[in-house]
Structures are given as C-alpha cells and as structure tokens.
Amino acid sequence: MTQKSQKLIDGLQEARLLKDSLIPRIKAVRERGVVPTLAAILVGDNPSSHVYVASKCRQSQEIGIKPVPHFLPADTSAQTLFELIKKLNEDPRIHGILLQLPLPAHLDARPFIEAIDPRKDVDGLTLTNMGRLAVGSGGILPCTPKGCLRLIKSVIANTTGLHAAVVGRSHLVGNPMAQLLLHAADCSVSVVHHLSRAPERLCRHADVLVVAAGVPGLITPQWVKEGAVVIDVGITQIEKEDGSKMLIGDVAFDEVLPLVRAITPVPGGVGPMTVASLLENTVELAESYGMS
Ligand code: NAD
C-alpha cells in the first residue's frame, strides 16, 4: 500500500456505509405506512445545481427515499417561491424540503430558508436549527459539516479535548462546522477567515483542520501540524490546458500529504458525504414524523 492510499480518507466508501445503514431504517418507516419523501426545489439554470439535484434525487431513490423535484424558471417571483414552500410545509407526505443554493441574483436566500418549517429543514439552515446547533441541543444538522464530522470520527474515534481549526466562517459550512466540533466533538476550536491575522499560525497547532474557503491551494505545509487530520471541503472547477475540466480543493494536496495522519481527496472526500448526510437527515425527519 502506498503512503498516499494509507492516508486517504475515502469519502465514497464512508458515504456507502452510511447509506447502507439507512436502508433498514427506511424499511421500518415504510412498514408504518410512511414513505420518506424529499422535496427538492431548484430555481434557474445553474448547471452545477442541476447536477447536484439530479444526484441527490437519484441517490434518494436508490435507497428507498422518494424524491419530489420542483424545477422553477430563473425569473421565478418571490411570491411563487414562497407559495411553493408553504404548500410543501403543509403537505403531510413531504418530510424534508431542500432549497438548492445559490438562488438567482434577484432572490435573497435567507427569507426563503426561514420560510421552511424547521421540522422539514433537511439542510439544517433555518435560524431555529442553527440556534439549536449553537447551544448544542440537537436539531437537524447542516449536511456538509455533519458529513465532515463523520469523516473525522472515522480516523479519530475520541476527539475530546483536541484542538480543531476551521478555515471559513460561512453560514453553510465554516460556522456550523465550528459549532459541531465544539459541542458534538468536544474540541477546542479556532475559526479562521479572510480577515484573520497570521491564520497559518492558528492552523498549524490544530490536530484537526477543516478547510472551507474556496481558495485553491491555500493550505500549504506551513498551515499544517505534523500528524493532523485534514478535511478539504473546498471545490473549485478549473480548466486544464487541454480544455478539460477538473475539481480541486483548498489544500495543496501533494505538498501537505507527507505531513498529515489522514486527509480527504477532492473529489471523492467531503462531496459524497454531504449527499449521504442529506439522506440521513431525510430519514431522521421521516422517523420523527407524527411524533411531535
Ligand atoms: P463562502 O464563500 O460562503 O465562504 C468562504 C469562507 O472562507 C469565508 O468565511 C471567508 O472569510 C473564508 N476565506 C476566504 N478566503 C480566505 C483566506 N484566504 N484565508 C482564510 N479564510 C478565507 O463559501 P462556502 O459556501 O463556505 O464554501 C467554501 C468552499 O466549500 C467552496 O469551495 C465550496 O464550493 C465548497 N463546498 C463544498 C461542499 C461539499 O459538499 N464538498 C459543500 C459546500 C461548499
């Protein structure tokens, strides 16, 4: 086995294990007459968003979750979108509502996220669920941070008291990741962003480093402690000289690899776990359906 394969955290494999574990839970829910159902709303023509929604729907179907996609044109009005969310909130057959981001420029995402019933907020992005996360009291967890934590736990079973650093403070990834590491993983957490002074100094003391900046190659060996576990959330599509496209992460992978205990690749690391966590959240919502 090469040094590289020994150190790689295989997100595809972890996602497969998670999805397999959902199958008996879905069967049990279906046996009580509930079909776990995920509504996905996509507004506009963003090609990446179409690929993501198609993949989420296909993977739902593969394990027995019913996907209900809603494709709306790019010029959809705020009123139409609010009405659709309201209809889905009131529909007892729908357990999770996914609003694919980004929305077209004329629609500010926050009011629409807030319009989703927190009990159907499969992405864990409403203020209610984010507030629960901030005080460490349950709720539905945002999918990407939830998936990252699972990848970290696949390498370090006991994270109590470790120093974790998160690069990025977005509502979608960085901020909830930091909260999750603080409360669910019992780490001490440093959060680094684009205004941080000497960010590499904070990061190179971290046992666990999660990077979600969207800046390819940002993380060089100077940012990384020897023996750290590194989770690269960043995804940037670049065009190669021959015109073909490829995805790269935020970590200068080849330079950092010799230092780390374990690291996620891009692609094949965090991405598959994000989708698997979405499916897990859908199952959790279907399981709790009718309980509250
Ligand atoms: P964002 O643009 O909303 O936030 C980026 C964050 O990085 C900001 O908080 C910013 O302060 C910080 N940052 C930017 N430049 C920095 C620098 N030089 N040093 C330190 N911090 C810096 O992005 P986001 O939505 O949080 O996504 C981040 C990345 O993760 C993107 O590449 C995105 O495509 C990717 N992503 C991947 C998945 C997945 O499933 N793999 C899911 C969501 C996002």
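Keep in mind that what you see is a predicted model, and the values were worked out from it rather than measured.

A.B. asks: Sorry, what's going on with the site of the ligand here?
C.D. replies: Surveying the vicinity of the ligand reveals 20 residues, the closest of which are Arg169, Ser170, His194, Ile235 and Thr274. Between the ligand and Ile235 there is a distance of 3.0 Å, counted from an oxygen atom to a backbone nitrogen or oxygen. In the model, an oxygen atom of the ligand is placed 2.8 Å from a nitrogen or oxygen of the Thr274 side chain. Considering each element in turn, the shell around the ligand owes the most residues, 3 residues, to helix H11 (residues 270-287).

A.B. asks: Help me understand the sheet that holds strand E3 (residues 96-99), please; the structure alone is not making it clear to me.
C.D. replies: Adjacent strands of a sheet form backbone hydrogen bonds with each other and so pair up, either parallel or antiparallel. Taken together, 3 strands build an open sheet; the order of strands is E2-E1-E3 and the sheet is parallel. Since the sheet does not close on itself, it has two edges, and those belong to strand E2 (66-72) and E3, each with one partner. In this sheet, adjacent strand axes meet at a mean angle of 15° when their direction is disregarded. Here 4 bridges tie strand E1 (residues 37-43) to E3, and the two strands are oriented parallel to one another. For Leu38, the partnering residue across the bridge sits in E3 and is Gly96. Across the sheet, helix H3 (residues 47-63) lies against E1, E2 and E3, angled at about 160° from E2, the strand it touches most. Against the sheet, helix H4 (residues 78-90) touches E1, E2 and E3, its axis set at about 180° to E1.

A.B. asks: Explanation requested: the packing of helix H7 (residues 143-155) against H11 in the structure shown.
C.D. replies: Between two packed helices, what matters for the description is the angle formed by their axes and the separation of those axes. Interhelical geometry of H7 versus H11 gives an angle of 110° and a closest axis separation of 8 Å. The orientation of H7 with respect to H11, classified from their angle, is roughly perpendicular. Viewed along their axes, H7 and H11 form a crossing whose handedness is right-handed. Taking contact as the criterion, the partners of Cys143, Thr144, Lys146, Gly147, Cys148, Arg150 and Leu151 in H7 are, on H11, Val270, Met273, Thr274, Ser277, Leu278, Glu280, Asn281 and Glu284. Here the contact of H7 with H11 is built from residues that sort into 6 nonpolar, 5 polar and 4 charged.

A.B. asks: Which parts of the structure should I look at to understand the pairing of strand E5 (residues 188-192)?
C.D. replies: Regular strands place their side chains on alternate faces of the sheet. Relative to E5, strand E4 (residues 163-167) runs parallel, the two being bridged by 5 bridges. In the strand pairing of E5, Ala164 is matched with Val189. Once the chain exits E4 it traverses helix H8 (residues 174-183) before rejoining the sheet at E5, and the crossover so formed is right-handed.

A.B. asks: Got a minute to help me understand the pattern of salt bridges in this structure?
C.D. replies: Once their charged atoms are close, side chains differing in charge can pair, the charge on each being opposite to the other. Under the counting rule described, the total for this entry stands at 11 salt bridges. Of the charged contacts, one joins Lys146 and Glu284 as a salt bridge, the two residues approaching to 3.1 Å between their closest N and O atoms. One end of the pair, Lys146, is in helix H7; the other, Glu284, is in helix H11, and 138 residues separate them in sequence. Exposure remark for Lys146: the relative accessible area of 12% places this residue in the buried category. Residue classification places Glu284 among the partly exposed positions, given a relative accessible area of 27%. The network of salt bridges with shared partners includes Lys146, Glu280 and Glu284.

A.B. asks: Before we go on, may I ask you to explain H4 in this structure?
C.D. replies: Since the α-helix turns once every 3.6 residues, residues separated by three or four places project in the same direction. In a regular helix each residue adds 1.5 Å, so 13 residues correspond to 18 Å; H4 covers 18 Å between its end C-alpha atoms and thus fits that length. Within the sequence span of H4, burial applies to Leu81, Leu84, Ile85, Leu88 and Asn89. Along the axis of H4, the buried residues cluster in a sector spanning 140°; they form a single face. Of the exposed residues in H4, the ones pointing more than 90 degrees away from its buried face are Gln79, Lys87 and Glu90. Buried residues in H4 make contact with E1, E2, E3 and helix H5 (109-115).

A.B. asks: Any chance you could explain the side chain of Lys146 here in plain terms?
C.D. replies: Polar contacts involving the side chain of Lys146 include one to the side chain of Glu280, which spans 3.3 Å. Setting aside residues no more than four positions away along its own chain, Lys146 makes contact with Leu141, Leu180, Ser277, Glu280, Asn281 and Glu284.

Parameters and conventions
Residues numbered from 1 in each chain as written. Predicted model: local features only at pLDDT ≥ 70, side-chain atom pairs only at ≥ 80, totals over all residues. Heavy atoms only, no water. Near = heavy atom within 4 Å. Polar contact = N/O pair within 3.5 Å; in protein donor to acceptor, adjacent residues only side chain to side chain. Helix = DSSP H or I, 4+ residues; strand = E, 2+ residues; numbered from the N terminus. Pairing = 2+ DSSP bridges. Axes fitted to C-alpha atoms, helices over the stretch in contact; angles between N-to-C directions. Contact = heavy atoms within 4.5 Å. Parallel < 35°, antiparallel > 145°, perpendicular 65-115°, else oblique. Left-handed = near helix turned anticlockwise from the far one by under 90°. Nonpolar A, V, L, I, M, F, W, Y, C, P; charged D, E, K, R; others polar. Right-handed = clockwise from strand over helix to strand, strands pointing away. Salt bridge = Lys/Arg side-chain N within 4 Å of Asp/Glu carboxyl O. Buried < 20%, exposed > 50% of the residue type's maximum accessible area, 1.4 Å probe, protein only. Expected span 1.5 Å × (residues − 1). Arc of directions from axis to C-beta.

Spatial relationships are all this shows, so hold off on functional conclusions.
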